[in-house]
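Listed here are the chains, written in short residue letters.
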Amino acid sequence: MEPGIKGSVEFVVNVAKSARVVGSGALDVLATPVMIAMMEKAAWESVQPELEEGSGTVGTLMNVTHDAATPLGMKVTCQSELVAVEGRKLKFKVTAFDERGPIGGGEHERFIVNNDKFQAKTNAKAE
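Residues numbered from 1 in each chain as written. Predicted model: local features only at pLDDT ≥ 70, side-chain atom pairs only at ≥ 80, totals over all residues. Heavy atoms only, no water.

Colleague: In this structure, what is going on with the pattern of salt bridges? I would like to understand it.
Modeller: Close approach of charged atoms lets side chains of opposite charge pair. Under the criterion given, the structure shown has five salt bridges. Put simply, Arg 20 and Asp 28 hold a salt bridge, and the shortest N to O gap is 2.8 Å. Judged by relative accessible area, Asp 28 falls into the partly exposed class, the value being 35%. Across the pair Glu 40 and Arg 110 runs a salt bridge, and its minimum N-O distance is 3.1 Å. Of this pair, Glu 40 sits in helix H2 (residues 32-47) while Arg 110 sits in strand E5 (residues 101-114), and the two are 70 residues apart along the sequence. Taking relative accessible area as the criterion, Glu 40 reaches 25% and is therefore assigned partly exposed. Arg 110 sits in the buried class, given a relative accessible area of 5%. Taken together, the shared-partner salt bridges connect Glu 86, Lys 89 and Lys 91 into one network. (Salt bridge = Lys/Arg side-chain N within 4 Å of Asp/Glu carboxyl O. Buried < 20%, exposed > 50% of the residue type's maximum accessible area, 1.4 Å probe, protein only. Helix = DSSP H or I, 4+ residues; strand = E, 2+ residues; numbered from the N terminus.)

Colleague: I keep staring at the sheet that holds strand E1 (residues 6-12) and nothing clicks. Help me out?
Modeller: Backbone hydrogen bonds are what pair the strands of a sheet, in a parallel or an antiparallel way. The five strands are arranged E1-E3-E4-E5-E2 in an open sheet whose pairing can be described as antiparallel. Looking at the sheet topology across the chains shown, the edges are occupied by E1 and strand E2 (55-66). Each strand axis lies, on average, 25° off the axis of its neighbour in the sheet, ignoring direction. By the bridge criterion, eleven bridges tie E2 to E5 in an arrangement that is antiparallel. Bridging across to E5, Asn 63 finds its partner in Glu 107. Where H2 meets the sheet, it contacts E1, E2, strand E3 (75-86), strand E4 (89-98) and E5, and its direction lies at approximately 140° from that of E2. Seen against the sheet, helix H3 (residues 115-124) touches E2 and E5 and runs at an angle of roughly 90° to E5. (Pairing = 2+ DSSP bridges. Axes fitted to C-alpha atoms, helices over the stretch in contact; angles between N-to-C directions. Contact = heavy atoms within 4.5 Å.)

Here you go:
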């Protein structure tokens, strides 16, 4: 896998994606956790086709700012670009825009894992 892989996710802000409903605030604006989740989605989906069968990625670091509010009904685009590959660690630049301009951005890291092994190890915590 080489740096340069890009991903993008678009969605419309609705009540279910609002800070009031998600629990990250009291207003009907795009919730920061939703923006972050969509940044992660853009990143993981962009590299998934490059991985071996049975492999996936898990998020390990998110360092972003949410710089501008987005109202209900407005479209948001979250983008990712793979900027570094360090063994199993993948580093991404992530950005988010609404119809008026930039609303957030930063850095995101993911690790490549074997899905079954990772899930089994996680499930063992509950036993």
